[in-house]
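# Chain and residue survey
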Amino acid sequence: MATATTADSNAADHAHAEHDHHDAPFWKKYIFSCDHKMIGLQYGYTSLFFLAFGFYLMLCMRWSIAYPEQPLPWYLRLFIVERFISDGMMNGSLYNMFGAMHGTIMVFLGVVPLGFAAFGNYVTPLQIGAIDMAFPRLNMASFWCFFIGGIMMLGSFFMPSGAAQVGWTNYSPLATTAQLDYPSIFWTGQTMWLLAMVFVITSSLLGAVNFIATIINLRADGLTWMRLPFFVWAMMVTGFLLLLAFPPLEVAAIMQLMDRLAYTSFFVPTGLLVDGQPFDVAGGGSPLLFQHLFWFLGHPEVYVLLLPAIAIVAEVIPANTRKPLWGYRSMVYAVLTLGFLSFIVWAHHMYMTGMGAWVSAFFQTTTVLISVPSVILLTCLMISLWGGSIRFTMPMLWAAAFLPMFGIGGLTGLPLAFNLIDLHLHDTYYVIGHFHYVVAPGIIFGLFAGIYHWYPNFTGRLMNNFLGHLHFWPSLIAMNILFAPMMVQGVAGFHRRWYDGGLSFPLTTEKTLFEAGSFFSNLFANGEVITMRDLNILMTFGAMMLAVAQIPFIINFFGSILFGKKIKNDNPWGATTLEWATPTPPPHGNFLEEPVAYKGPYEYSVPGEDRDFSPQWEPAKKAEPKPEKEPAGV
């Protein structure tokens with residue numbers, strides 16, 4: 001149980017008083033706010049914008065792949081600077097630029113800040129009964145570091161060189177020597193990428209420290225470790241992942257920045273040729289060192305993306321099945337194990353570097369082992385559905401769809417754990433399909449579940465159900481149309497970086513999918529056989545369908561703020577965790593009186609209770625004593 005000294009109690013009372021009598025001006029309340037809820041909303045709106053922009057870059061790339069040597073349609077050319085395209089068509093240089101920035105923006109500026117920073121900032125203090133984060137000003141600094149990094153990323157598109165072009169992994173020595181033919185190396189997209197990443201990583205480190213300190217120190221009375229909602233456990237593990245894994249990448253970014261600007265050679269090998277000429281630096285550096293530093297962050301980063309989504313689904317399912325989360329303790333131990341194992345699997349991304357048999361065997365083994373806690377988490381969530389009185393609300397639909405989509409993503413990743421298979425599938429569309437099944441229909445479905453679930457908490461209104469269905473069903477269908485064919489192409493050997501959609505793919509070995517005259521052949525290939533290249537058109541159709549499916553969400557999200565149905569009470573879902581014990585929306589300071597946790601986080605359908613949920617903040621109902629048996633013979 002969390003305890004406090006008298007001094008701590010007085011400090012908390014003083015903080016409460018400051019929160020209760022708070023009348024800040026507009027700029028301080030909504031822009032430079034220290035309130036965790038406003039900072040969470042700032043992260044949320046900003047990351048949704050970056051997700052939309054990264055999605056736009058993907059649409060341009062998919063058009064180029066499906067229709068090589070054809071102009072982009074007018075609605076995709078609206079946001080492209082004309083100097084980058086000739087006759088409206090994408091070239092290889094622009095495709096590389098969009099590919100590098102799509103990956104960077106989606107991962108570092110979209111999914112991570114939405115899952116960890118937005119939901120974590122808004123929900124975590126409420127769920128532990130705190131009035132704010134442990135370090136509110138540090139929290140504000142974290143957001144503005146992220147915002148500055150994002151603006152630098154966007155600004156790099158307008159530089160003479162354009163944005164970074166060497167992939168979201170930014171491997172040396174290619175990244176070190178890229179765009180050196182411009183008058184100022186500093187004012188190039190490749191250099192701005194590194195500077196922006198320093199700001200973004202600094203933001204994540206500040207946030208990670210804040211989350212860990214808040215969860216350990218500011219829990220409400222009675223909120224012991226095993227009474228914490230699973231969401232809070234996931235946020236703490238994610239905080240440790242960021243705290244321990246991001247510094248190596250920040251160091252790598254600074255070292256690569258020095259290689260570009262100060263002509264050091266941390267990652268530049270001896271004898272490197274650039275444009276046929278010896279590169280004039282000392283040499284002696286190791287390109288593989290950058291890969292190790294990047295992927296030491298890169299694999300924990302997968303779980304930084306994933307854990308918030310799993311945590312959201314773990315909150316949505318009990319509230320909509322009206323039964324406790326099955327295997328709560330198993331899930332807690334699994335997420336702790338997952339966090340530990342994520343640090344010792346990074347080199348399974350580097351089988352192509354020619355590691356020895358023993359090292360390869362180690363990383364193959366740990367990669368298979370890390371699937372065990374993931375399976376435990378997914379199994380517990382699926383068993384939680386068994387026997388429940390399921391309410392198919394909009395949050396529940398997204399949470400239910402998350403389970404099979406994440407399952408497909410995880411299962412397709414298992415073959416890549418083995419270097420013999422990975423040598424064939426590396427850098428093919430199979431890897432793209434696997435990763436995107438985890439991140440897109442997997443993680444983003446979980447994040448959508450969270451938006452629909454907590455929307456009443458921060459607005460006091462419900463999102464429109466009809467528009468929600470218009471958003472959900474086309475998105476579910478389109479995601480599979482977009483990513484499932486990638487598995488087929490990848491096994492056939494389609495490379496992930498062919499901007500022309502595989503025009504150089506040898507026709508003599510191209511696989512035939514359907515014979516002439518079949519329904520699919522008539523639909524997509526005018527009666528001729530359908531080949532691997534034709535799948536590009538199908539996937540692009542799925543991408544366009546997915547884009548259209550987001551229009552109802554945008555209308556719903558912003559329109560419901562003004563016109564959404566007002567909730568009738570502060571706990572519209574009948575949930576049990578502490579964030580629903582506040583007025584809706586929560587005021588500055590969150591709680592009208594100091595909360596106390598009397599029980600576990602998922603007390604649903606408890607025998608003897610008047611309702612099918614028993615909130616943490618309400619004392620447990622005392623069981624009536626059983627009547628004594630009369631003595632025999634009376």
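Residues numbered from 1 in each chain as written. Predicted model: local features only at pLDDT ≥ 70, side-chain atom pairs only at ≥ 80, totals over all residues. Heavy atoms only, no water.

## Remarks on the overall build of the chain
When you go through the chain residue by residue, the secondary structure sums to 18 helices and six strands. Looking at the chain residue by residue over its 634 residues, the buried ones come to 57%. Once local pairs closer than 6 in sequence are excluded, the contacts in the chain between residues at least 24 apart make up 78%. Looking at the chain as shown, the accessible area adds up to about 27100 Å², and 67% of this sits on carbon and sulfur atoms. (Helix = DSSP H or I, 4+ residues; strand = E, 2+ residues; numbered from the N terminus. Buried < 20%, exposed > 50% of the residue type's maximum accessible area, 1.4 Å probe, protein only. Contact = heavy atoms within 4.5 Å. Areas by Shrake-Rupley, 256 points an atom, 1.4 Å probe, with all protein chains shown as cover.)

## Re the side chain of Ser374
The topology assignment puts Ser374 in helix 12 (residues 357-383). In this structure the side chain of Ser374 is engaged in a polar contact, spanning 3.3 Å, whose partner is the backbone oxygen of Ile370. (Polar contact = N/O pair within 3.5 Å; in protein donor to acceptor, adjacent residues only side chain to side chain.)

## Observations regarding the environment of Glu609
Residue position: Glu609 is located in the segment after strand 6 (565-566). When its relative accessible area of 24% is taken as the criterion, Glu609 is described as partly exposed. As a C-alpha pair, Glu609 and Lys621 span 12 residues in sequence and 6.8 Å in three-dimensional space. Filtering out sequence-adjacent residues up to four positions away, Glu609 remains in contact with Ser614 and Lys621.

## A word on the packing of helix 5 (residues 92-127) against helix 8 (residues 189-217)
For the pair helix 5 and helix 8, interaxial distance at closest approach is 11 Å and the crossing angle is 20°. Classified by the angle between their axes, helix 5 and helix 8 sit roughly parallel to one another. Considering only the axes of helix 5 and helix 8, their crossing is left-handed. Across from Met101, Thr104, Phe108, Leu109, Phe116, Gly120, Asn121 and Thr124 in helix 5, the residues of helix 8 making contact are Trp193, Met197, Val200, Gly207, Ala208, Phe211 and Ile215. (Axes fitted to C-alpha atoms, helices over the stretch in contact; angles between N-to-C directions. Parallel < 35°, antiparallel > 145°, perpendicular 65-115°, else oblique. Left-handed = near helix turned anticlockwise from the far one by under 90°.)

## Topic: helix 12
Look at helix 12: 39 Å from first C-alpha to last across 27 residues, which is about the 39 Å you get at 1.5 Å a residue. Restricting attention to buried positions, one finds in helix 12 the residues Ser360, Phe363, Gln364, Thr366, Thr367, Ile370, Pro373, Ser374, Leu377, Leu378, Cys380 and Leu381. Of the surrounding secondary structure, the elements contacted by the buried residues of helix 12 are helix 9 (230-261), helix 10 (287-321), helix 11 (328-341), helix 13 (394-413) and helix 14 (419-425). (Expected span 1.5 Å × (residues − 1).)

## Comments concerning the environment of Arg391
Tracing the backbone through its elements, the reader meets Arg391 in the loop between helix 12 and helix 13. For the pair formed by Arg391 and Arg322, sequence separation is 69 residues and the distance between their alpha carbons is 8.5 Å. Dropping the residues within four chain positions of it, Arg391 is found in contact with Ala319, Asn320, Arg322, Met396 and Trp573. At 2.9 Å, the side chain of Arg391 forms a polar contact with the backbone oxygen of Ala319.

## A closer look at a nonpolar patch on the surface
Together, Tyr45, Ile554, Phe558, Ile561, Leu562 and Phe563 line one region of the surface with nonpolar side chains, adding up to about 650 Å² of accessible area. With five residues, the top contributor of residues to the nonpolar patch is helix 18 (residues 534-563). Inspection of the secondary structure puts Tyr45 in helix 3 (residues 36-66). Overall, Tyr45 belongs to the partly exposed group, its relative accessible area being 34%. (Patch = residues over 30% accessible without salt bridge, like charges linked within 9 Å, V, L, I, M, F, W, Y side chains within 5 Å. Salt bridge = Lys/Arg side-chain N within 4 Å of Asp/Glu carboxyl O.)

## Focus: empty space enclosed by the protein
Scanning the entire structure with this criterion turns up three cavities of 30 Å³ or more. In this structure, the largest cavity occupies an estimated 200 Å³ of space. Considering the residues around the largest cavity, the lining is formed by 15 residues, among which Leu41, Gly44, Ala118, Phe119 and Phe458 are closest to the centre. Of all the elements in the fold, those that place two or more residues in the lining of the largest cavity are helix 3, helix 5 and helix 15 (429-459). Grouping the amino acids of the lining of the largest cavity by side-chain chemistry returns 12 nonpolar, three polar and no charged. Put simply, the second largest cavity is a space of about 110 Å³. (1 Å grid on protein atoms, 1.4 Å probe; cavity = no way out; pocket = protein on both sides within 12 Å on 5 of 7 lines; lining within 4 Å. Points joined across faces, edges and corners; volume = space filled by probe spheres on them. Nonpolar A, V, L, I, M, F, W, Y, C, P; charged D, E, K, R; others polar.)

## Quick notes on the environment of Val232
Within the element layout of this structure, Val232 appears in helix 9. As for Val232 and Pro125, which are separated by 107 residues in sequence, their C-alpha atoms are 9.0 Å apart. Among residues more than four places away in sequence, those in contact with Val232 are Gln127, Ile128 and Ile215.

## What to know about the pattern of salt bridges
In total, this model carries five salt bridges according to the counting rule given. When the shortest N-O distance is used, the salt bridge between Lys37 and Asp35 registers 3.0 Å. Both residues of the pair, Lys37 and Asp35, count as buried. Here Asp612 makes a salt bridge to Arg322, at a shortest N to O gap of 3.0 Å. Of this pair, Asp612 sits in the segment after strand 6 while Arg322 sits in the loop between helix 10 and helix 11, and the two are 290 residues apart along the sequence.

## Overview of the packing of aromatic side chains
According to the stated counting rule, one finds 51 aromatic pairs in the structure shown. Both rings, one in Tyr95 and one in Tyr499, keep their centres 6.3 Å apart while their planes meet at 50°; by these two values the pair is tilted. Here Tyr95, found in helix 5, pairs with Tyr499, found in the loop between helix 16 (465-492) and strand 4 (512-514); they are 404 residues apart in sequence, far enough to count as distant. With a relative accessible area of 5%, Tyr95 lands in the buried category. Overall, Tyr499 belongs to the partly exposed group, its relative accessible area being 34%. (Phe/Tyr/Trp six-rings, centres within 6.5 Å; stacked < 30°, edge-to-face > 60°.)

## A word on the confidence of the model for the chain
A low pLDDT score tells you not to read the predicted coordinates there in detail. For the chain, per-residue confidence averages 89 on the pLDDT scale, and residues scoring 70 or more make up 90% of the total. For the chain, helix 1 (residues 6-20) is the element with the lowest average pLDDT, namely 45, and helix 11 is the one with the highest, namely 97. For the stretch residues 1-21, pLDDT sits under 50, and the model shows 14 contacts to residues farther than four places along the chain or on other chains. Below pLDDT 50 for its whole length, residues 507-511 participates in nine contacts with residues either more than four positions away or in separate chains. (pLDDT = per-residue confidence, 0-100.)

## Brief notes about the side chain of Gln291
The topology assignment puts Gln291 in helix 10. Setting aside residues no more than four positions away along its own chain, Gln291 makes contact with Tyr171, Met350 and Thr353.

## Overview of unusual backbone geometry
Put simply, Ser172 and Pro173 share a cis peptide bond, and its omega is 5°. For Pro173, the location among the structural elements is in the loop between helix 6 (136-155) and helix 7 (174-177). Each neighbour pair has its own omega, and for Thr584 with Pro585 the value is -5°, a cis peptide bond. One non-glycine residue, Gln179, lies in positive phi territory at about 60°. Along the chain, the position of Gln179 falls in the loop between helix 7 and helix 8.

## Things to note about the packing of helix 8 against helix 9
Where helix 8 meets helix 9, the axes come as close as 8 Å, and the angle between the chain directions of the two elements is 155°. It follows from the interaxial angle that helix 8 and helix 9 lie roughly antiparallel. Crossing angle aside, the handedness with which helix 8 passes helix 9 is left-handed. The residue inventory of the contact of helix 8 with helix 9, partitioned by class, reads 25 nonpolar, six polar and two charged.

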